[in-house]
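An overview of the molecular structure
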Amino acid sequence: MPMSRAGFDGWLAAPLPGLDVIANPAAMWTGWAIDGAGTDWDLTDLAGSPAAVAGIRAARARTPLELLAARAAGGFTLARHRDDALEIYLYDYHGDVYSTQTDLLMLAGAGRFADAGAPVLHWGGDVYPDLPLGGDQPLAVLLVGRDGARFTDRHPVGALIESLRPVEAAFLAAAPVDGEDSWDPTEVLDPTIRDHVA
C-alpha cells in the first residue's frame, strides 16, 4: 500500500476503525466455497462465550503497533515500511475467523494514512504459508482506500498475487528452515515494531 513514513507511523499509533470502515463486511466470503456463509463481525454467534467476546473486543481496541508486536512475538509476521509503502504478510496456521477480521479491520484502517488505495488479499493458508497457486480459490479482495474499504470478487487476482510475490519471498526467507526454531525478524519487521516485541 503506497504510504509515506509519516503515514506509516501514524497508522501504527492509530486505533483500529469500527466495522463501518468496510462498506460490505458480509461479502467477506464472496467467491469462496463457503460463499454466503455468515461472517459474524458483530460477534453475536459468541454471545454464550463472554470471555471470547471480551478478548476479541480488546484486540480490536488495540493499535496496529500493539497487534503487530504481539503477533511478531510468535514469529511468522512481515510488517514493515519499505520503498514508500506498507508491506504486510501475516500467517496463521488454522487461524480463526475473528482474528482474521481484526487483521482486516487493521488493514482497512491503513487507508486513512495511505497515499493511494490498495487491494488486500486474505488467503487461508491452512496447508502452506504461500500465496494461492493455480487452481486455488482465494477470498474476495478487500479494496482499501482513503475513505473506507469494500470486498470485491471482481479484482484481477492473478496480477495481485504476482505483485505480492516479492513480499512473500521475503517472508519465506525469514522462516525457519531444516528444523531450526528461530524466526529472523531482522528484514521483515520495521524497527518500530521490533522495538515493541516482548
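On a predicted model such as this, the values are computed, not experimentally measured, just so you know. (Residues numbered from 1 in each chain as written. Predicted model: local features only at pLDDT ≥ 70, side-chain atom pairs only at ≥ 80, totals over all residues. Heavy atoms only, no water.)

**Looking at the sheet that holds strand β3 (residues 118–120)**
Here we have three strands laid out as an open sheet, ordered β3-β4-β5, and antiparallel in their pairing. In the strand order of this sheet, the two ends are held by β3 and β5 (148–152), each with one partner. Each neighbouring strand pair of the sheet contributes to a mean axis angle of 30°, computed without reference to strand direction. Inspection of the sheet shows β3 paired to strand β4 (residues 141–145) by three bridges, in the antiparallel sense. Paired with Ala-118 across the bridge in β4 is Val-144. Against the sheet, helix α4 (residues 97–110) contacts β3, β4 and β5, and its axis sits at roughly 35° relative to β4. (Pairing = 2+ DSSP bridges. Helix = DSSP H or I, 4+ residues; strand = E, 2+ residues; numbered from the N terminus. Axes fitted to C-alpha atoms, helices over the stretch in contact; angles between N-to-C directions. Contact = heavy atoms within 4.5 Å.)

**Section: the nonpolar core**
Nonpolar side chains in soluble globular proteins generally cluster together in the buried interior. Counting 45 residues, the largest nonpolar core has Met-1, Trp-11, Ile-22, Leu-86, Leu-142, Phe-151 and Ile-193 as the members making the most contacts within it. A per-element tally of this core places α4 first, with six residues. Filtering out sequence-adjacent residues up to four positions away, Ile-193 remains in contact with Phe-8, Leu-12, Leu-65, Leu-68, Ala-69 and Ala-79. (Core = buried A, V, L, I, M, F, W, Y, C linked by side-chain atoms within 4.5 Å. Buried < 20%, exposed > 50% of the residue type's maximum accessible area, 1.4 Å probe, protein only.)

**Side note on the packing of aromatic side chains**
Throughout the structure, instances matching the rule amount to six aromatic pairs. Summarising the aromatic geometry, the rings of Phe-171 and Trp-183 are spaced 5.3 Å apart at their centres and angled 55° between planes, so their arrangement reads as tilted. Placement of the pair is Phe-171 in helix α5 (residues 157–174) and Trp-183 in the loop between α5 and α6 (191–194), with a sequence separation of twelve residues. Comparing Phe-171 with Trp-183 shows no difference in burial state: the two are buried. Here a set of aromatic residues connected by ring pairs shows up, and it is made of Phe-76, Tyr-89, Tyr-91, Phe-171 and Trp-183. (Phe/Tyr/Trp six-rings, centres within 6.5 Å; stacked < 30°, edge-to-face > 60°.)

**Concerning the pairing of β4**
The two faces of a sheet get side chains in turn, since along a regular strand they alternate between them. Of all five residues making up β4, four are buried, and the element is well covered by its neighbours. For β4 and β5, the ladder comprises five bridges, and the chain directions are antiparallel. Residue pairing across strands places Leu-143 opposite Arg-150, the latter belonging to β5.

**A closer look at the packing of helix α3 (residues 64–72) against α4**
Running from amino to carboxyl end, α3 crosses α4 at an angle of 135°, the nearest separation of the two axes being 11 Å. Considering their axes alone, α3 and α4 lie oblique with respect to each other. By crossing handedness, the relation of α3 to α4 is classed as left-handed. Where α3 abuts α4, its residues Pro-64, Leu-67, Leu-68 and Arg-71 lie against Thr-102, Asp-103 and Met-106. Residues belonging to the contact of α3 with α4 are distributed by class as follows: four nonpolar, one polar and two charged. (Parallel < 35°, antiparallel > 145°, perpendicular 65-115°, else oblique. Left-handed = near helix turned anticlockwise from the far one by under 90°. Nonpolar A, V, L, I, M, F, W, Y, C, P; charged D, E, K, R; others polar.)

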